[in-house]
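Fold and contact review
Here is how the chains run, residue by residue.
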Amino acid sequence: MGACVEYEEQASLHAAEALEGEEAARFQAHLESCATCQAEVASAREVLGLVALPPQTPVEVRAQDGLGSRTLAAWRREQTRRGMGRRALGSLAAVAAVVALMLGPSALERLKAPHPVTAPGTVQSASARDDVDAETLAAFEAWAGLDPLEDDGSGYGLDEDLSWDDSDLDGDFDLGETL
């Protein structure tokens, strides 16, 4: 059993209360005289009644009231958090670039400078190393307030005895409690 062919769509819309204006008035006039369309509307209302949501509880109404503003606030917080992360990453990248620009030329100089090759087992004295040039060493000593260092490499021989001697200790030296 179905509605009249020309009113089939309107019967479903009328059951869902979706018809308005002149169209609703015209279908209502037809509905009063057509038992088939009346049965179709009743059947559609029954089906729609089965799928209709129950009325909202007071808790659901309160939860739904501020949903839009809460969602927008959460979205803004997330965007702010992401922005802070991007700014922090950008700052770290800028610091790394500055450090690279500051240290890069001296590192390139060290890579370009020839390094003397020593035979295995040979010990280099501190003055024989080219790690620090004289000007840098003098500037460091001046900054540190030290007397200039003079190291000719003597006194650091492998045959010198650097062992600990108990006679060097005076009586005031406390080694702590023994267990």
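Residues numbered from 1 in each chain as written. Predicted model: local features only at pLDDT ≥ 70, side-chain atom pairs only at ≥ 80, totals over all residues. Heavy atoms only, no water.

Moving on, we come to the packing of helix α1 (residues 8-15) against helix α2 (residues 21-33). Packing of α1 against α2 brings their axes to within 11 Å, and their N-to-C directions diverge by 105°. The pairing of α1 with α2 is recorded here as roughly perpendicular in orientation. Contacts between α1 and α2 involve Gln10, Ala11 and His14 on the former and, on the latter, Glu23, Phe27, Gln28 and Leu31. A breakdown of the residues in the contact of α1 with α2 according to their chemical character gives three nonpolar, three polar and one charged. (Axes fitted to C-alpha atoms, helices over the stretch in contact; angles between N-to-C directions. Helix = DSSP H or I, 4+ residues; strand = E, 2+ residues; numbered from the N terminus. Parallel < 35°, antiparallel > 145°, perpendicular 65-115°, else oblique. Contact = heavy atoms within 4.5 Å. Nonpolar A, V, L, I, M, F, W, Y, C, P; charged D, E, K, R; others polar.)

So, on to the nonpolar core. Counting 12 residues, the largest nonpolar core consists of Ala3, Tyr7, Ala11, Ala15, Leu19, Ala24, Phe27, Leu31, Cys34, Cys37, Val41 and Ala44. Looking at this core, the elements that each hand over two or more residues are α1, α2 and α3 (35-51). (Core = buried A, V, L, I, M, F, W, Y, C linked by side-chain atoms within 4.5 Å. Buried < 20%, exposed > 50% of the residue type's maximum accessible area, 1.4 Å probe, protein only.)

For the protein, the average pLDDT comes to 77, and 71% of its residues sit at 70 or higher. Summarising per-element confidence for the protein, the mean pLDDT is lowest in helix α6 (residues 134-144) (78) and highest in α2 (89). (pLDDT = per-residue confidence, 0-100.)

Contact geometry of α2 with α3 gives a least axis separation of 6 Å together with a crossing angle of 110°. Looking at the two axes, α2 sits roughly perpendicular to α3. Seen along the crossing, α2 lies across α3 with a hand that is left-handed. Contacts between α2 and α3 involve Phe27, His30, Leu31, Glu32 and Ser33 on the former and, on the latter, Ala35, Cys37, Gln38 and Val41. The class makeup of the residues in the contact of α2 with α3 is five nonpolar, three polar and one charged. (Left-handed = near helix turned anticlockwise from the far one by under 90°.)

A full pass over the atoms with the stated rule returns three salt bridges. Of the charged contacts, one joins Glu22 and Arg26 as a salt bridge, the two residues approaching to 3.8 Å between their closest N and O atoms. One end of the pair is Glu22 and the other is Arg26, both in helix α2 and four residues apart, which spans about a single turn. On the basis of relative accessibility, which here comes to 46%, the residue Arg26 falls in the partly exposed class. Arg82 serves as the salt-bridge partner of Glu78, at 3.1 Å between the closest nitrogen and oxygen. Linking Glu78 with Arg82, this pair stays in helix α5 (residues 67-112), spanning four residues, or about one helical turn. For Glu78, a relative accessible area of 26% puts it in the partly exposed group. Residue classification places Arg82 among the partly exposed positions, given a relative accessible area of 42%. Connected via shared salt-bridge partners are Glu78, Arg81 and Arg82. (Salt bridge = Lys/Arg side-chain N within 4 Å of Asp/Glu carboxyl O.)

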